[in-house]
Amino acid sequence: MIKGLFETHIYVENLEISIDFYSNVLGLTQCHYEPERKIAFFWVGKPKEAMLGIWEKPKEEIDIRHFAFTCDVDDVLEKSVHFLKTRGLQPYNFLKSNDSQPMVFAWMPAIAVYFNDPDGHALEFIAILKGDAKPELGVISFTEWLSAQ
């Protein structure tokens, strides 16, 4: 019966700053805004397929969350780091090493890179890789993943 995740919500300290971030920095399409409730909604990907809601709350009510945006493998590999850096965002990998290059979660397998929104929520660009999962490899570089194929 369950076919996917349609909607998730996060709390943000300043709704206008977050609207600007999700609209103008990440390029999501705002689909609804309720100033009296201090909430905005964005389509994630194609309209009506997935949605993100952001709610303004006092800083002490914000709990840091994580969610991931589905991407194409080539986009994560070849475009994501540049996309983030040109928008003033610091990409990082799951291991939080000094290397900002995407890493492979061999248990899926998937390639991903992380970054933070203005409130510190951990966001991720992720793409599922072709091939069989190899959980014994852990989290590895894409070069290591290719060598293991």
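As a reminder, the structure under discussion sits directly above these lines.
Rules used in this analysis
Residues numbered from 1 in each chain as written. Predicted model: local features only at pLDDT ≥ 70, side-chain atom pairs only at ≥ 80, totals over all residues. Heavy atoms only, no water. Helix = DSSP H or I, 4+ residues; strand = E, 2+ residues; numbered from the N terminus. Rg over C-alpha atoms; globule rule 2.2 N^0.38 Å. Buried < 20%, exposed > 50% of the residue type's maximum accessible area, 1.4 Å probe, protein only. Areas by Shrake-Rupley, 256 points an atom, 1.4 Å probe, with all protein chains shown as cover. Lys, Arg positive; Asp, Glu negative; His and termini not counted. Charge placed at Lys NZ, Arg CZ, Asp CG, Glu CD. Phe/Tyr/Trp six-rings, centres within 6.5 Å; stacked < 30°, edge-to-face > 60°.

Undergrad: Explanation requested: the overall build of the protein in the structure shown.
TA: A count of helices and strands for the protein gives four helices and nine strands. Here the C-alpha radius of gyration of the protein, 16 Å, is about what a compact globule of 149 residues would show, namely 15 Å. Expressed along its principal axes, the backbone C-alpha trace of the protein runs to roughly 55 × 40 × 25 Å. Residue burial in the protein is summarised as follows: out of 149 residues, 39% are buried. As displayed, the protein offers around 9,000 Å² of accessible surface, 53% of which is attributable to carbon and sulfur atoms. Side chains of the protein carry 14 positive and 22 negative charges; the gap between the two charge centres is 3 Å.

Undergrad: Can you walk me through the environment of E78 in this structure?
TA: One can find E78 in helix α2 (residues 73-78). For the pair formed by E78 and Q101, sequence separation is 23 residues and the distance between their alpha carbons is 9.8 Å.

Undergrad: What am I meant to see in unusual backbone geometry here?
TA: When glycine is set aside, most residues are seen to have a negative phi, and most peptide bonds are trans. Along the chain, M108 connects to P109 via a cis peptide bond; the corresponding omega equals -10°. Along the polypeptide, P109 turns up in the loop between β6 (103-105) and β7 (110-116). Within the chain, K38 stands out as a residue other than glycine whose phi angle is a positive 55°. In this fold, K38 is placed in the loop between β2 (29-34) and β3 (39-43). Taking the relative accessible area as the measure of exposure, K38 reaches 42% and is therefore partly exposed.

Undergrad: When you look at the packing of aromatic side chains in this model, what are you seeing that I'm missing?
TA: To describe a pair of aromatic rings, you give the distance between the ring centres and the angle between the ring planes. Tallied over the entire structure, the rule returns nine aromatic pairs. Ring centres 6.0 Å apart and planes at 45° place the aromatic pair Y22 and F42 in the tilted group. Of this pair, Y22 sits in helix α1 (residues 15-25) while F42 sits in strand β3, and the two are 20 residues apart along the sequence. Each member of the pair, Y22 as well as F42, is classed as buried. On the numbers, 6.2 Å between centres and 50° between planes, the contact of F69 with F125 is tilted. Highlighted residues: F69 in strand β5 (residues 66-70) and F125 in strand β8 (residues 122-128), separated in sequence by 56 residues. For the pair shown, F69 and F125 are each scored as buried.

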